[in-house]
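Commentary on secondary and tertiary structure
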Amino acid sequence: MAENGENQVSKHQEVGHKSLLQSDALYQYILETSVYPREPESMKELREVTAKHPWNLMTTSADEGQFLNMLLKLINAKNTMEIGVYTGYSLLATALAIPADGKILAMDINRENYEIGLPIIEKAGVSHKIDFREGPALPVLDQMVEDKKNHGTYDFIFVDADKDNYINYHKRIIELVKVGGLIGYDNTLWNGSVAAPADAPMRKYVRYYRDFVLELNKALAVDPRIEICMLPVGDGITLCRRIS
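Along each chain, residues carry numbers from 1 onward, in the same order as the chain's sequence is written. Residues qualify for local features only when their pLDDT is at least 70, as the model is predicted, and side-chain atom pairs are given and counted only at 80 or more; totals for whole chains, interfaces and linings, by contrast, use all residues. Side-chain figures throughout are based on the complete set of non-hydrogen atoms in the structure, without hydrogens or water.

Some points on unusual backbone geometry
Here N76, not a glycine, exhibits a phi torsion of approximately 55 degrees, which is positive. Segments assigned H or I by DSSP are reported as helices when at least four residues long, segments assigned E as strands when at least two residues long, and all are numbered from the N terminus. Take N76: it is sitting in the loop between α4 (62-74) and β1 (79-83). Phi at N191 is positive, roughly 60 degrees, even though this residue is not glycine. Structurally, N191 can be placed in the loop between β5 (177-186) and α9 (204-222).

Spelled out as structure tokens, the structure:
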């Protein structure tokens, strides 16, 4: 019995931390029925390599990768940006979705993690679409916002980085995404903690960033420049369509 319990625990660690569905079995069903059978070989390889990394909890879930890939095709995205890259699973999903002459400005403070996935991205034949910049994103964004030529030039911007700066990112990238374009903020349900009482038991890092996520969610809900849709995919993703 204990062994079975241990299997359940490991299964939960494998898939449950990225899903807010009521049962891990249901999430596993989604993965095995519609996600894994259609996952490109390169994305599968990168997902499996990332799973061995000590910080693997930071990766985009496979169902969210599939969602982003289809979303980008639906909106015919060509010029995109990603803030927070890690090993590049969502970056690869994007690179595979946009056309051959599409571009992704990708920013992360850690090149070492990006280079874990880079050989796989290169093998997939899409590395030419990526302009990777190592370092904090805010100074780069400030520079871009200063030049009016950059305003309204991005079809899609995906943010999966330091939650305490999400509000600061939003202030800048709202100028850079085009009217009718999309911004995606990842982890906006933050392990379900956003709906938990303030005194509920939670891991230290979850508690620390929870208030920043709550602040972002409130700000997005009342921002007249965007339409929003909060989706329970992965750890929660909020899509913002710029309307003005």
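The discussion continues.
A short note on the confidence of the model for the protein
Confidence scores per residue from the predictor, reported as pLDDT, run from 0 to 100. Averaged over all residues, the pLDDT of the protein equals 92, while 92% of them reach at least 70. Segment residues 1-16 is flagged for pLDDT under 50; beyond a separation of four residues in sequence, or across chains, it makes 10 contacts in the model. In what follows, residue pairs with any heavy atoms lying within 4.5 Å of each other are defined as contacts.

Section: helix α8 (residues 166-176)
Among the 11 residues in α8, eight count as buried, and that is most of the element. Relative accessibility decides the category of a residue: with a 1.4 Å probe and only protein chains considered, values under 20% of the type maximum give buried, values over 50% give exposed, and everything between is partly exposed. If you check which residues of α8 are buried, you get Y166, I167, Y169, H170, R172, I173, I174 and L176.

Things to note about the packing of aromatic side chains
In this scheme Phe, Tyr and Trp rings, the latter by its six-membered ring, pair at centre separations within 6.5 Å, and the angle between planes marks the pair as stacked below 30 degrees, edge-to-face above 60, and tilted otherwise. Evaluated as defined, the whole model comprises eight aromatic pairs. Plain terms: the ring middles of Y209 and F212 are 6.4 Å apart, the flat faces sit at 50 degrees to each other, and that makes the pair tilted. With a gap of three residues between them, Y209 and F212 both fall in helix α9, about one helical turn apart. Taken together, the ring pairs connect W190, Y205, Y208, Y209 and F212 into an aromatic cluster.

So, the packing of helix α7 (residues 137-146) against α8
For helices, the fitted axis covers only the stretch in contact; all axes are lines through C-alpha atoms, and the angles between them, taken along N-to-C directions, range from 0 to 180 degrees. Here α7 crosses α8 at 35 degrees, and the two axes come no closer than 10 Å. Handedness of the crossing formed by α7 with α8: left-handed. Of the residues in α8, those touching α7 at A137, L138, L141, D142, M144 and V145 are N168, Y169, R172, I173 and L176. For the contact of α7 with α8, the residue count by class is eight nonpolar, one polar and two charged. For any pair of crossing helices, the crossing counts as left-handed if the nearer helix is rotated counterclockwise from the farther one by less than a right angle, and right-handed if it is rotated clockwise. Throughout, the ten residues Ala, Val, Leu, Ile, Met, Phe, Trp, Tyr, Cys and Pro are labelled nonpolar, Asp, Glu, Lys and Arg are labelled charged, and all others, Gly among them, are labelled polar.

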